[in-house]
Amino acid sequence: MNFNKPLLVSALLAATALGGAVHAQDSEKQYRFVMVSHIGSNDPNMGWLTTSMAEFEKRYPNVKTEDISTNNYSVQEHVRLLEQAISTQPDGIAVPIVSSDAFEGPLRKAIEAGIPVVAFNIPDGRPDGERIPYLTYVGGDEYLTGKKLGEYALQKVEAGEIPKPAHVVCASHDSAHQGLKARCAGMKEVMEAAGAKFDELFIGAEPATARNTLQSFLQANPDTNYIFTVAGWSSPWAWGVANEMNLDPDVDDKGVTVLTVDEGPVSIEGVRAGHILATNSQGFWLQGYAPMEWLYWNKEFGYAPRSDILTGPVVINKDNADKWAELVRGVFGDKAYDEQNTW
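We now turn to the structure provided with this report.

Rules used throughout
Each chain has its residues counted from 1, running along the sequence as written. Totals for whole chains, interfaces and linings use all residues, but because this is a predicted model, local features are given only for residues with pLDDT of at least 70 and pairs of side-chain atoms are given and counted only at 80 or more. To obtain the side-chain values, all non-hydrogen atoms of the structure were used and water was disregarded. To qualify as a helix, a DSSP run of H or I must reach at least 4 residues; to qualify as a strand, a run of E must reach at least 2; elements of each kind are numbered from the N terminus. Burial classification: accessible surface area is computed with a 1.4 Å probe over protein chains only, and a residue below 20% of its type maximum counts as buried, one above 50% as exposed, and the rest as partly exposed. A fitted line through C-alpha atoms serves as each axis, taken over the contacting stretch for helices, and the angle formed by two N-to-C directions is quoted from 0 to 180°. By the definition used in this description, the sense in which the near helix is turned from the far one sets the handedness, with an anticlockwise turn below a right angle giving left-handed and a clockwise turn giving right-handed. In what follows, a contact means two residues having at least one pair of non-hydrogen atoms within 4.5 Å. Just so you know the grouping, Ala, Val, Leu, Ile, Met, Phe, Trp, Tyr, Cys and Pro go in nonpolar, Asp, Glu, Lys and Arg go in charged, and all remaining residues, Gly too, go in polar. Note: two strands are recorded as paired if DSSP finds a minimum of 2 bridges between them. Note on terminology: disulfide denotes any pair of cysteine sulfur atoms within 2.5 Å.

Further remarks concern the side chain of Asn-280. Inspection of the secondary structure assignment puts Asn-280 in strand S10 (residues 279–281). Since its relative accessible area comes to 0%, Asn-280 is described here as buried.

See the structure below:
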């Protein structure tokens, strides 16, 4: 990925956002942009995307945005939805590249047919010239997500606030998701360099199965004292299993330490309650808004972004979690926020 001139690109985004309504009113053209995502309504992060896309439509009233996703996720189903969206001949597509191999054929076909594509949330990690030739990428760097969270944990180890890592398990719900693999890889680099053993464990997305799988792992590996869940909603499962096994999973200088991801209510409230050491923000609001704006500028003016936009990670910890809670409540509303807090 090429992240040259991120500040310049961010400034351009801000400037175009402010002028969006004016540009839209001046244009008689109507566009339809489709987001084909792995983030369904059962994922709290969908709220960020739908809210930001609605804001985009306010500023660009001559653009219709659509979100297509499923709660019964699989790569095969994602590809089917993508092919279905392409067949409707939209004016642009935003899509996370969950699997480069699986998405290569459909997306190259769409691009060759003149449909511009923006990757968001997950890029094609292959080098330029090999990757799918989309316009640009908008999202976090998931390798950095794992790495920065691991580095933050080691800072707290150095301060004597949490135990030194001996054995770290990265608990993942999707073995084919290259973004989740990148999170594990970033954490692995940091923890192995600190002398810890590291395992990646597929736990699945069904609560009972995930709990049983993690419990079996912890029983077989009693030296495990760090659990990194690569989805925020699975962090209460991990904490709950460790707590039932009397492994002291709250944040202190003994027992098991739990880390997780994303700025969802369950992750933030886990940090505030002292159950989770840290989580992160990958800038989900921008991941909904910015791809639509880049597609608009490409269709309206022929503009192709000169670099990708890195929207995260930002570490969320006990020092800033209250501010994040206030921000997220403002986006989701109190009812949705409280419903998504499963602690």
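Helix H6 (residues 178–193) packs onto helix H5 (residues 142–158) with a crossing angle of 35 degrees between their chain directions and a minimal axis gap of 6 Å. Helix-helix and strand crossings are classified by hand; for H5 and H6 the assignment is right-handed. Two secondary-structure elements touch here, H5 through Glu-142, Tyr-143, Thr-145, Gly-146, Lys-147, Leu-149, Gly-150, Glu-151, Ala-153 and Leu-154 and H6 through Gly-179, Ala-182, Arg-183, Ala-185, Gly-186, Met-187, Glu-189, Val-190 and Met-191. Class assignment of the residues belonging to the contact of H5 with H6 gives a composition of nine nonpolar, five polar and five charged.

The subject of this paragraph is the sheet that holds strand S7 (residues 197–202). The strand order across the open sheet built from four strands is S7-S6-S8-S9, with neighbouring strands paired in parallel fashion. This sheet does not close on itself; its edge strands, each paired only once, are S7 and strand S9 (257–259). Within this sheet the neighbouring strands show an average axis-to-axis angle of 20 degrees, counted without direction. Inspection of the sheet shows strand S8 (residues 226–229) paired to S9 by three bridges, in the parallel sense. Pairing of Ile-227 across the sheet is with Val-258, part of S9.

Here we take up the state of the cysteines. Disulfides are covalent bonds that connect the sulfur atoms of two cysteines. In this structure the tally under the stated criterion is one disulfide. Here Cys-170 is linked by a disulfide to Cys-184, with a sulfur-sulfur distance of 2.0 Å. With the S-S dihedral at roughly -80 degrees, the linkage between Cys-170 and Cys-184 falls on the left-handed side. Taken together, the residues span a long stretch of sequence, with Cys-170 in strand S6 (residues 167–172) and Cys-184 in helix H6 at a distance of 14 residues. Both residues of the pair, Cys-170 and Cys-184, count as buried.

So, about unusual backbone geometry. Here Gly-312 and Pro-313 are connected by a cis peptide whose omega angle stands at 15 degrees. Examined against the element boundaries, Pro-313 turns out to sit in the loop between strand S11 (309–312) and strand S12 (314–316). A positive phi angle, near 60 degrees, is found at Asn-246, a position not held by glycine. Mapped onto the fold, Asn-246 is located in the loop between helix H8 (235–244) and S9. Unusually for a residue other than glycine, Asp-262 sits at a positive phi of about 75 degrees. Positionally, Asp-262 belongs in the loop between S9 and helix H9 (265–272). Looking at Asp-262, the relative accessible area reads 9%, which means it is buried.

Strand order in the open sheet formed by six strands is S2-S1-S3-S4-S5-S11, with parallel pairing between adjacent strands. In the strand order of this sheet, the two ends are held by strand S2 (63–68) and S11, each with one partner. Going from strand to strand, the sheet's axes swing by 15 degrees on average, the running direction of each strand aside. Where strand S1 (residues 31–36) lies against strand S3 (residues 92–95), three bridges are found, and the strand directions are parallel. In the sheet register, Val-34 faces S3, and the bridge partner there is Ile-93. Helix-sheet contacts for helix H2 (residues 46–59) involve S1, S2 and strand S4 (117–120), and the interaxial angle to S2 is about 170 degrees.

Functional significance is not addressed by these values, which are geometric in nature.
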